[in-house]
Amino acid sequence: MIRFFILLLFSIALFSSEVENFRWLKDETYLVFLEKHNLPTKELYYNLDKDDQRLTEEVRSGVHAQILRSSKNEIEQILIPLTDELQVHIFKKNGSYEFEALPIISETKTEAFSLTIDNSPYYDIVKKTGSKKLAQIFVSSFKNSLNFKVDLRSGDKMAMIYEQKYRLGDIFSMPELKAAMIELRGKKHYIYLNNDERYYDENGHEVEGFLLASPVRGARISSYFTKSRFHPILHKWKAHLGIDYAARRGTPVQAAGSGTIVYASNAGSYGNLIKIRHADGYETRYAHLKSFRNGIRKGKSVKKGQAIAYVGTTGRSTGPHLHFELRKQGRAINPLRVVQVTTKKLKGKEKEAFNKLKENYDQSISLHVENNTLFERTKPLESVCYLILPKKV
Ligand SMILES: [Zn+2]
């Protein structure tokens, strides 16, 4: 308890005056950041082992970081989140700077809201919550099993329960959907995150969207799947057994689904190529890559949405783009046609456990719908402030 108060006092002192909060600049590298602040690159980068060096490459633009300065305006400590779980801590010790990776202390809150849909789920969620992330996870969770455009009627309701992490009072990381409901012409459809970390519908059928909407976030489709088309370089009709996403060189490419990397190397006309094997005989391919992400190699398992490579124009290619393929048992199929891949149906004890979880969520959802629970963000206590810990003596 005493320790807590000391920390709290320390934190208040810290955060009232000398801590500068800032957002990581787009495209700024860790090294550039060090140089910008006249911090020693030798101690804080070049002398680090490979793993730590690689870790520093994970820093993402827009992330909230902190600098603590002394009364003489000298940098005392810096915190930079790298992943959901790790952050870089730069601190001064005996006059020189040191580097360490520290776990991130974050607070997870369960939040929920319900609303009546006037326009579209995406539009209405953004309008009511101001959060595109919430709208995205809601829409994408149903996207492969339901067709909002056709079946939605004005006045239908939706509700979602999700977990949101907070770090130093700010929203941190992607929200995680726990349960959601959408009415389509008055009929309620549900999705639940089960204890096995997969999503299921009300019948215990797995409904997680197998593929991401696009393996390159926000990219435009420049060429669709076709069994024959005219090739601009070869001047020949060729099949285009994939989808091309036009994007700038270096744009991250995400795994369209969870699976195992079975190929990550150069493959002639494909250029740098990654192949991922998924459940049920599915395989995705990512071609013309500029380069692979660190640690991406054959045999490694990846999660849906994980960045695996960067858009490039290697191999036979007219300009930077991602050539994306989906294959089932070796045969190319149109990725845009894959609406749903049911990979698991719960049975027996698993089903029983799921039903219990479902019951709880159903009760909660109907309460939120009845009460028309409004979206509300409760600022967490500043208790997480002691993130910047004094070094242990
Ligand atoms: Zn292509």
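Scroll up to find the structure.
Residues numbered from 1 in each chain as written. Predicted model: local features only at pLDDT ≥ 70, side-chain atom pairs only at ≥ 80, totals over all residues. Heavy atoms only, no water.

(A) Main features of the pattern of salt bridges. Overall, the coordinates contain 11 salt bridges when judged by the stated rule. Salt-bridge contacts for R69 lead to E20; the nearest nitrogen and oxygen are separated by 3.2 Å. Remark: E20 occurs in strand β1 (residues 19-23) and R69 occurs in strand β2 (residues 64-69); sequence separation between them is 49 residues. Given a relative accessible area of 19%, R69 falls into the buried group. Take E20: its relative accessible area is 32%, and that puts it in the partly exposed class. Linking E325 and R327 is a salt bridge whose minimum nitrogen-to-oxygen distance equals 2.7 Å. The exposure class of E325 is buried, given its relative accessible area of 2%. Judged by relative accessible area, which is 11%, R327 ranks as buried. (Salt bridge = Lys/Arg side-chain N within 4 Å of Asp/Glu carboxyl O. Helix = DSSP H or I, 4+ residues; strand = E, 2+ residues; numbered from the N terminus. Buried < 20%, exposed > 50% of the residue type's maximum accessible area, 1.4 Å probe, protein only.)

(B) Just the pairing of strand β4 (residues 86-93), in detail. As defined by bridge partners, strand β3 (residues 75-81) adjoins β4 across 5 bridges and the pair is classed as antiparallel. Across the sheet, the residue bridging to I78 is I90, located in β4. As judged from the 8 bridges shared by β4 and strand β5 (residues 96-103), these two strands associate in the antiparallel manner. In the sheet register, V88 faces β5, and the bridge partner there is A101. If you look at the hairpin formed by β4 and β5, you'll find 2 residues sitting between the two strands, and N94 has a positive phi there, around 50 degrees. (Pairing = 2+ DSSP bridges.)

(C) Layout of helix α8 (residues 348-371). Taking 1.5 Å per residue, 24 residues should reach 34 Å; α8 reaches 35 Å between its end C-alpha atoms and fits that length. Buried-residue contacts for α8 involve β6 (107-116), β7 (157-167), β8 (170-184), β9 (187-193) and β10 (199-200). N372 sits one or two residues past α8 and shows a positive phi near 50 degrees. (Expected span 1.5 Å × (residues − 1). Contact = heavy atoms within 4.5 Å.)

(D) Representation of helix α5 (residues 121-129). The complete set of buried residues in α5 reads P121, D124, I125 and T129. Buried positions in α5, seen along its axis, are confined to an arc of 105 degrees and lie on one side of it. (Arc of directions from axis to C-beta.)

(E) Layout of the sheet that holds β7. Pairing is antiparallel in the open sheet, where 5 strands are placed in the order β6-β7-β8-β9-β10. Both edges of this open sheet fall to β6 and β10, since each of them pairs with a single strand only. In terms of strand pairing, β6 meets β7 through 10 bridges, oriented antiparallel. Looking at the pairing, T116 lines up with K157 of β7. Strands β6, β7 and β8 of the sheet are contacted by α5, whose axis makes an angle of about 120 degrees with β6. With respect to the sheet, α8 is in contact with β6, β7, β8, β9 and β10, its orientation differing from that of β9 by roughly 125 degrees. (Axes fitted to C-alpha atoms, helices over the stretch in contact; angles between N-to-C directions.)

(F) Region of interest: the packing of aromatic side chains. With the rule as written, the count across this model stands at 15 aromatic pairs. Here Y45 and Y46 contribute two aromatic rings whose centre-to-centre distance is 5.1 Å and whose plane-to-plane angle is 85 degrees, an arrangement assigned as edge-to-face. The class for Y45 is buried, based on a relative accessible area of 13%. Note on Y192 and F354: the rings are 5.7 Å apart at their centroids and 85 degrees apart in plane angle, and the pair reads as edge-to-face. Of the two residues, Y192 is situated in strand β9 and F354 in helix α8; the sequence distance between them amounts to 162 residues. For the pair Y192 and F354, one class covers both residues: buried. One aromatic cluster is present, built from ring pairs that chain together Y190, Y192, Y200, F354 and Y361. (Phe/Tyr/Trp six-rings, centres within 6.5 Å; stacked < 30°, edge-to-face > 60°.)

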